[in-house]
Structure formats: C-alpha cells, structure tokens
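# Observations on chain architecture
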Amino acid sequence: MPPIPGSGLAKGLAVTLRTMTKKTVTAQYPDVQPELPPRSRGVIALFEENCTVCMLCARECPDWCIYIDSHKETVPAAAPGGRERSRNVLDRFAIDFSLCMYCGICIEVCPFDALFWSPEFEYAETDILDLTHERDKLRDWMWTVPEPPALDPHAEEPKEIAAARKTADKLRAQQEQQAQEAQQAQEAQQAQQAQEAAAQADAAQPDAARPDAAQPDAAQPDVARPDAGEGDA
C-alpha cells in the first residue's frame, strides 16, 4: 500500500506538539556538574610510580601522540659481590590531546597499570599547543580516577592476589618459626645460667656449712690401761 501523501509531515508535527507540552530541562552547567557514567572517557591519567618506560604505549598509539623521554641509571649491587643493574628513569611523559582519538589502546597495552581513564573533561585551551599536557598534569588527573568496581564475590581469586597471599603466609610462618626458635634458645640459655649460678654458689660455700661435710672425730682422753705399769712394780 503506497504511503498517504503528507503522512511523514503529520508524524513530525505530532512529535513537535507532544514535546511542546512538556517542561524543558536545561542542564545548569557549569554551576551543576553533569553525572557522567562510571566508564566515561575524559582524559588519560598517569600513575608515574608504575611506569617502567617500556615504551609500549608510545609504540602502539595509532596517532603517535605520546612523547616519552628517559635516561638510564646504574643501581649498585644489593649484596656484596653482586652485579650492578641499570634501570630506566622517566624524564618526560606527555600526551598531545589535540591528536588523541581516545581509543584507549595505550591503557590496554600497559603491562604495569600506569595509565587510567579519568572522567575529567574540562581541559579546553585557547591555543592548540597547550593541549599537550605533561606528566605533572597527567598525575593531577590521577586523583579523579574512580575506584574500580567491586569484584563478584563468587568469582575466582586473581592469580596475583593468590600468589601474594601465599608469599605472605610463607613469610609469616618463617617469622613465627624463627621467633619460636629464638624463645627456646633464650629459655635454654637462662636454664644454663641458673645451673652455673647454683654451681658457683655451692663452690663458694665453706665446708663447715655444708650439711654433708664430714665431721672430725672428737679428741678422746687416754684411758689408763689396767696392765700399764705392772712390769715396773
């Protein structure tokens, strides 16, 4: 059946009439901040402590809008006779948001969770050159990153947490065993010291005061024998 001429216009006018009778809702921005979804893509925040300058984010960025500079430092050996190590130190981490297309690849490929999405969106500038934000600004946006959603209580425990808990339990058991061995050694030392003190006290005590000391025989007077002097009579 062919459409009735003018039906499209009638439908459009019907929508217009319906909306004319409703109250207009105006977002009072910037006095009232909008309620953004939890996973809004505003800007990219940097957690500098987790960055190892692996350059994965800069290499995978399709727009080449991430600029990273670093230098190497030599770390002395932790133990005598050990080998020195070298580590990368971050000097510059900047993102040009005039080129960024907010694809999120850099956040996905980061193996150390150094990049996060922030819902912050008020970073407009009058000059396009000012849209290149350095690591200090990216670090300030880190405080606006929302907390991750709670895990499902019936989900499996992450392998990282399970490994960390296993290591912590093993370390706690070793510390308890060492404390128990130290306590036993201290008790044995105290018992040995008590025995030595008792032995020294016995050695210092005079013989007359000992209850088991041998008493000397009392001097007995000579008794005149009945046969004494008979030969001289």
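Provided above is the structure to which this section pertains.
Overview of the structure. Being a predicted model, the structure only gives us computed values, none of them experimental. (Residues numbered from 1 in each chain as written. Predicted model: local features only at pLDDT ≥ 70, side-chain atom pairs only at ≥ 80, totals over all residues. Heavy atoms only, no water.)

### Considering the sheet that holds strand β2 (residues 66-75)
Backbone hydrogen bonds are what pair the strands of a sheet, in a parallel or an antiparallel way. Short version of the rule: Whether two strands pair comes down to DSSP finding at least two bridges between them. Segments assigned H or I by DSSP are reported as helices when at least four residues long, segments assigned E as strands when at least two residues long, and all are numbered from the N terminus.
Spatial strand order, β2-β3-β5: three strands in an open sheet with antiparallel pairing. Whereas interior strands pair on both sides, the edge strands pair on one side only; in this sheet they are β2 and β5 (132-133). With two bridges connecting them, strand β3 (residues 85-96) and β5 associate as antiparallel partners. Note on β5: the bridge partner recorded for D96 is T132.

### Some thoughts on the pattern of salt bridges
The criterion, for reference: For salt bridges, the criterion is a side-chain nitrogen of Lys or Arg within 4 Å of an Asp or Glu carboxyl oxygen. Buried, partly exposed and exposed residues are distinguished by accessible area as a fraction of the type maximum, computed with a 1.4 Å probe on protein chains only: under 20%, between the cut-offs, and over 50%, respectively.
For the coordinates displayed, the defined rule picks out five salt bridges. A salt bridge links R135 to E48; the shortest N-O distance between them is 2.9 Å. Residue R135 is found in helix α4 (residues 135-140), and its partner E48 is found in the loop between β1 (43-46) and α2 (56-60); the two are separated by 87 residues along the sequence. According to the relative accessible area criterion, R135 is partly exposed, its value standing at 23%. The closest approach of N and O atoms between D169 and R172, which form a salt bridge, is 2.8 Å.

### Focus: the nonpolar core
Basically, it comes down to this: We call a set of buried residues a nonpolar core when its members are Ala, Val, Leu, Ile, Met, Phe, Trp, Tyr or Cys and they connect through side-chain atoms within 4.5 Å of each other. Residues count as neighbours in contact if any of their non-hydrogen atoms are within 4.5 Å of one another.
Of all hydrophobic cores here, the largest spans 27 residues; its most connected members are I44, I66, I68, F93, I95, F97 and L115. Counting residues per element, this core draws most heavily on β1, at four residues. Contact partners of I95, with chain neighbours within four places excluded, come to I44, C65, I66, L131, T132, H133 and L138.

### Focus: the packing of aromatic side chains
For any pair of aromatic rings, the description rests on two quantities: the centre-to-centre distance and the angle between the ring planes. Let me state the cut-off plainly: Think of it this way: a Phe, Tyr or Trp ring, Trp meaning its six-membered ring, pairs with another when their centres are within 6.5 Å, and the plane angle makes it stacked under 30 degrees, edge-to-face over 60, tilted otherwise.
Under the definition given, this model contains six aromatic pairs. Look at Y123 and W141: their rings are 5.8 Å apart centre to centre, the planes differ by 65 degrees, and that puts the pair in the edge-to-face class. Of this pair, Y123 sits in the loop between β4 (115-118) and β5 while W141 sits in the loop between α4 and α5 (159-204), and the two are 18 residues apart along the sequence. The pair Y123 / W141 is uniform in exposure class, with both members buried.

### What about the state of the cysteines?
As a reminder of what qualifies: By definition, disulfides here are pairs of cysteine sulfur atoms that lie within 2.5 Å.
A complete count under the given rule lists zero disulfides for this structure. Free of any disulfide, C110 has its nearest cysteine sulfur in C54, 6.0 Å distant. Classification of C110 as buried rests on a relative accessible area of 15%.

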